[in-house]
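Understanding the architecture of this molecule
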Amino acid sequence: MIVYGSSLSPFVRKVLAFAAEKGVEVELKPVGIGSQDPDFREASPFGKMPAFRDGDFAISDSSAIIAYLDAIHPDPNLIPVEAKARARTIWYEEFGDTILCSCGAKMFFNRIVAPRFLGREGDLAAAETAEATELPPLLDYLERVIPESGYLVEDRLTLADLAVASPFANLRHLGFELDAARWPKLADYAARMLGRPSFQRWVDRESAFLQRAA
Ligand SMILES: N[C@@H](CCC(=O)N[C@@H](CS)C(=O)NCC(=O)O)C(=O)O
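Residues numbered from 1 in each chain as written. Predicted model: local features only at pLDDT ≥ 70, side-chain atom pairs only at ≥ 80, totals over all residues. Heavy atoms only, no water.

**A few points about the overall build of the chain**
- When helices and strands are counted, the chain shows 8 helices and 4 strands.
- Along the chain, helices and strands appear, N-terminal first, in the series β-α-β-α-β-β-α-α-α-α-α-α.
- Against the compact-globule benchmark of 17 Å for 214 residues, the chain has a radius of gyration of 17 Å, which places it among compact chains.
- With the principal axes as the frame, the chain shows a C-alpha extent of 50 × 45 × 25 Å.
- Within the chain, the fraction of its 214 residues that count as buried is 47%.
- Here the contacts in the chain between residues at least 6 apart in sequence split such that 69% fall between residues at least 24 apart.
- Accessible surface computed for the chain: about 10300 Å², of which carbon and sulfur atoms make up 55%. (Helix = DSSP H or I, 4+ residues; strand = E, 2+ residues; numbered from the N terminus. Rg over C-alpha atoms; globule rule 2.2 N^0.38 Å. Buried < 20%, exposed > 50% of the residue type's maximum accessible area, 1.4 Å probe, protein only. Contact = heavy atoms within 4.5 Å. Areas by Shrake-Rupley, 256 points an atom, 1.4 Å probe, with all protein chains shown as cover.)

The structure is reproduced here in structure tokens:
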């Protein structure tokens with residue numbers, strides 16, 4: 001099975017971590033933003049990463065890919081079946097994918113992707129505003145909702161944790177330190193989740209790659 005994209009994308013990283021936690025082997029085929037690679041474009045008609053292929057089956061969108069991986073490899077269960085826990089898991093995935101990622105992307109794209117990989121200046125004012133005004137309420141929210149168990153749903157690892165933790169790797173690459181005085185549960189949570197082998201393998205590679213590209 002092939003995942004197309006770069007693990008620097010929080011959506012790609014979420015899929016890679018989900019596959020690793022399931023024990024499913026996937027190969028990451030590197031493609032960058034705007035890639036015209038025909039196999040990638042066949043799987044992702046609008047050129048967004050991640051895209052995915054399993055033989056003659058191709059699909060894009062991290063949530064669609066995860067639904068597929070979950071269906072062909074149900075164990076270990078990472079998407080609860082109990083109604084409320086399942087709904088909460090989907091909410092946290094949505095929160096991670098849209099609310100947290102769209103804020104984090106303003107910082108990561110403008111400070112790293114645009115200048116280093118696209119050869120143009122990023123909108124540093126937009127990045128600054130995102131960090132100063134958009135991000136803190138999202139971090140306050142997570143600080144409130146993380147249970148004592150340290151897992152968002154059912155006191156065990158689920159897709160909710162993988163989706164919420166993934167964008168924190170991008171914040172780490174930006175040198176953003178979670179203030180443990182203001183967000184103690186969250187600082188511990190993010191460090192524990194990104195320290196799982198399913199994430200750490202990729203985050204370490206990304207750090208090395210970003211250092212080379214600096
Ligand atoms: N909802 C999609 C979002 C994918 C997405 O926006 N990926 C970004 C990279 S983080 C991308 O490919 N951007 C390039 C573009 O929009 O052309 C998913 O979950 O896979």
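There is more to say, and it comes next.
**Considering the site of the ligand**
- Around the ligand, the neighbouring residues are Ser9, Phe11, Lys48, Met49, Pro50, Asp61 and Ser62.
- Within the backbone of Met49, a nitrogen or oxygen atom sits 2.9 Å from an oxygen atom of the ligand.
- Separating a nitrogen atom of the ligand from a side-chain N or O atom of Asp61 is a distance of 3.0 Å.
- Burial of the ligand by the protein amounts to 68% of the accessible area it has alone, namely 510 Å². (Near = heavy atom within 4 Å. Polar contact = N/O pair within 3.5 Å; in protein donor to acceptor, adjacent residues only side chain to side chain.)

**Overview of the nonpolar core**
- Judged by nonpolar contacts, the single largest core of 51 residues is most densely connected at Leu142, Phe168, Leu178 and Leu186.
- Listed by contribution, the elements that provide at least two residues to this core are α1 (10-22), α3 (62-72), α4 (83-117), α5 (124-145), α6 (159-173), α7 (184-194) and α8 (197-213).
- Looking at which element gives the most residues to this core, the answer is α6, with 8 residues.
- Setting aside residues up to four positions removed in sequence, Phe168 forms contacts with Leu100, Leu139, Leu142, Leu178, Leu186, Ala190 and Leu194. (Core = buried A, V, L, I, M, F, W, Y, C linked by side-chain atoms within 4.5 Å.)

**Description of the pattern of salt bridges**
- Counted according to the given criterion, the structure contains 13 salt bridges.
- A salt bridge links Asp70 to Lys22, with the nearest nitrogen and oxygen atoms 2.7 Å apart. In this pair, Asp70 sits in helix α3 while Lys22 sits in helix α1, placing the two residues 48 residues apart along the sequence. A single burial state applies to Asp70 and to Lys22, both of which are buried.
- A salt bridge links Arg156 to Glu154; the shortest N-O distance between them is 2.9 Å.
- Owing to a relative accessible area of 25%, Arg156 belongs among the partly exposed residues under this scheme.
- Among the residues examined, Glu154 registers a relative accessible area of 38% and is labelled partly exposed.
- Put simply, Lys14, Glu93 and Asp97 are held in one network by salt bridges that share partners. (Salt bridge = Lys/Arg side-chain N within 4 Å of Asp/Glu carboxyl O.)

**A few points about the pairing of strand β3 (residues 51-54)**
- Pairing analysis gives 3 bridges linking strand β1 (residues 2-5) to β3, with the strands arranged antiparallel. What sits directly across from Ile2, in β3, is Arg53.
- Pairing geometry for β3 and strand β4 (residues 57-60), over 4 bridges, is antiparallel. Looking at β4, one finds that Ala51 is bridged to Ser60.
- Between the end of β3 and the start of β4, which pair antiparallel, lie 2 residues, with Gly55 showing a positive phi angle near 65 degrees. (Pairing = 2+ DSSP bridges.)

**Structural notes on the sheet that holds strand β2 (residues 27-30)**
- Strand order in this open sheet of 4 strands is β2-β1-β3-β4, and the pairing throughout is mixed. Strand pairing shows two members of the sheet lacking a second neighbour, β2 and β4, which therefore form its edges. When the angles between neighbouring strand axes are averaged without regard to direction, this sheet yields 20 degrees.
- Taken strand by strand, α1 contacts β1 and β2, and its axis lies near 160 degrees from that of β1. (Axes fitted to C-alpha atoms, helices over the stretch in contact; angles between N-to-C directions.)

**Describing the environment of Phe52**
- If you trace the backbone, Phe52 turns up in strand β3.
- The spacing of Phe52 and Asp97 is 45 residues in sequence and 18 Å in space, taken between C-alpha atoms.
- Those residues in contact with Phe52, other than ones at most four positions away along the chain, are Met1, Ile2, Val3, Tyr4, Ala43, Phe57, Ala58, Ile59, Ile65, Tyr68 and Leu69.

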